[in-house]
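Topology and contacts: notes
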Amino acid sequence: MADRRPVLFFDSGVGGLSVLGPTAALLPQAPLVYVADSAGFPYGTKTEAEIAARVPALLGRLAERYDPRLIVIACNTASTIALQHVRAALDLPIVGTVPAIKPAAEASRTRTIGVLGTAATVRQPYVDDLAARFAGDCTVLRHGSAALVELAEAKLAGQAIAPERITEELNGLFHQPGGERIDVIVNACTHFPLLEAEMRAAVGRAMSFVDGGPGIARRVAHLTQGQDWPAEPPPGRAVFTARDHRADALAPALARYGLRRIETL
Ligand code: DGL
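We now turn to the structure provided with this report. Everything quoted here is computed from the prediction, not taken from an experiment. (Residues numbered from 1 in each chain as written. Predicted model: local features only at pLDDT ≥ 70, side-chain atom pairs only at ≥ 80, totals over all residues. Heavy atoms only, no water.)

What follows deals with the site of the ligand. Taken together, 14 residues are adjacent to the ligand, and Ser12, Tyr43, Gly44, Thr77 and His191 come closest. At 2.8 Å from an oxygen atom of the ligand is found a main-chain nitrogen or oxygen belonging to Gly44. Side-chain polar atom of His191 to a nitrogen atom of the ligand: 2.8 Å apart, as the coordinates give it. For the ligand, whose free accessible area comes to 300 Å², the fraction covered by protein is 99%. By residue class, the composition of the shell around the ligand is six nonpolar, seven polar and one charged. (Near = heavy atom within 4 Å. Polar contact = N/O pair within 3.5 Å; in protein donor to acceptor, adjacent residues only side chain to side chain. Areas by Shrake-Rupley, 256 points an atom, 1.4 Å probe, with all protein chains shown as cover. Nonpolar A, V, L, I, M, F, W, Y, C, P; charged D, E, K, R; others polar.)

Here it is, written out as C-alpha cells:
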C-alpha cells in the first residue's frame, strides 16, 4: 500500500505558499495539506508568549487530524519563537523557516544586508545569533513590517497593490543609516516572496532577494528520501482555522498551488 500521509505546511495566512511552491515542484507526488491559522492571524504583532502557547497546541491537533509524515512550519515568526517547543511536543520531523542570513552574507558585495520580517521576528535573539554566526563582517539592518503581510494577503485575494505602499515599507530599511548600501534583502517573512516582483519594481536598482523556500524544499526532499508516495497524489487541501471571509477570494490563488479543496478546522 502506498504511503498517503501528506506533508503539512503551516503559517498564519497565505505566506507559507512561498515555501509550499518550491517543495511541490521538487516533490510533485507529495500529498499536500496547507494550514492557514486564520483564527490567529496575524502573528507578527503578537507576543512571544502568545505564539509559544498557540503554535505547539494547534500543530498537535493538526498532526492528530491529518497524520502528516512531516510538518513544515512555513512561518519565520512561529519558527524563530516556537520551533523548539513544537519539536519537544511532537514525535515527527519538523522543518522550520528561519531568516536566510547565511546565503545573504555569501551574496552581498557591499557587506550590507537588509532583513525584512515581522516585528516579532526581527527582534528575536535567534536573528542576532544568525547575524553573529554568518554575517559577522556585515552590517545587518532590520525592519519589521505588518503592512507587507496584509499586502501579500490582498494580492493573493486578487486585489491591486499600490506601488507606493511597497516603497514606504522598503524605506523602513533604506532610510536607516547605511541603508543605501544594502544590496541583498532577506525576505524573513514567508509572505514577502509573494511580493517580490512588486518589491523589485519599487527598489529600482540592482538588488538580490533571498528567502528560505528553496532550501526548505531540499531539506524536505532529503528527509523523505526513500519514502513511498502515491502514484496519483490526491488534490491538495487548504485548511483555515476559522471560517474566513477571504477563503473564496483566495480560492483561485490556492488552486494555482494545487490546493483545490478548502476546509475549516
Ligand atoms: N508569514 C509569517 C512569517 O513568516 C507571519 C505573518 C504574520 O502573521 O504576521 O513570519
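From this point, the narrative continues.
A pair of packed helices can be characterised by two numbers: the angle between their axes and the separation between those axes. Between helix H2 (residues 48-66) and helix H3 (residues 76-89), whose axes approach to 9 Å, the crossing angle comes to 60 degrees. When the interaxial angle is binned, H2 and H3 end up oblique. Judged by the sense of rotation from one axis to the other, the crossing of H2 with H3 is right-handed. Contacts from Glu48, Ile51, Ala52, Val55, Pro56 and Leu59 of H2 reach H3 at Thr77, Ala78, Ile81, Ala82, His85 and Val86. Of the residues that constitute the contact of H2 with H3, the class distribution is nine nonpolar, two polar and one charged. (Axes fitted to C-alpha atoms, helices over the stretch in contact; angles between N-to-C directions. Helix = DSSP H or I, 4+ residues; strand = E, 2+ residues; numbered from the N terminus. Parallel < 35°, antiparallel > 145°, perpendicular 65-115°, else oblique. Left-handed = near helix turned anticlockwise from the far one by under 90°. Contact = heavy atoms within 4.5 Å.)

So, about unusual backbone geometry. Across the junction of Phe41 and Pro42, the peptide omega takes the value -5 degrees, indicating a cis bond. Within the fold, Pro42 resides in the loop between strand E2 (32-36) and H2. The backbone of Asp67 shows a phi angle near 45 degrees, a positive value even though the residue is not glycine. Its location among the elements puts Asp67 in the loop between H2 and strand E3 (70-73). According to the relative accessible area criterion, Asp67 is partly exposed, its value standing at 46%. With a phi close to 60 degrees, Arg111 is a non-glycine residue in the positive phi region. One can find Arg111 in the loop between helix H4 (101-107) and strand E5 (112-117). (Buried < 20%, exposed > 50% of the residue type's maximum accessible area, 1.4 Å probe, protein only.)

Further remarks concern the pattern of salt bridges. Counted by the stated rule, this structure contains 11 salt bridges. Between Glu198 and Lys155 there is a salt bridge, with the nearest N and O atoms lying 3.1 Å from each other. With Glu198 in helix H9 (residues 196-203) and Lys155 in helix H7 (residues 147-156), the pair connects residues that are 43 residues apart, well separated along the chain. With a relative accessible area of 28%, Lys155 lands in the partly exposed category. For Arg261, the salt bridge identified is with Glu263, shortest N-O distance 3.8 Å. Salt bridges sharing partners connect three or more residues here, namely Asp3, Arg5 and Arg69. (Salt bridge = Lys/Arg side-chain N within 4 Å of Asp/Glu carboxyl O.)

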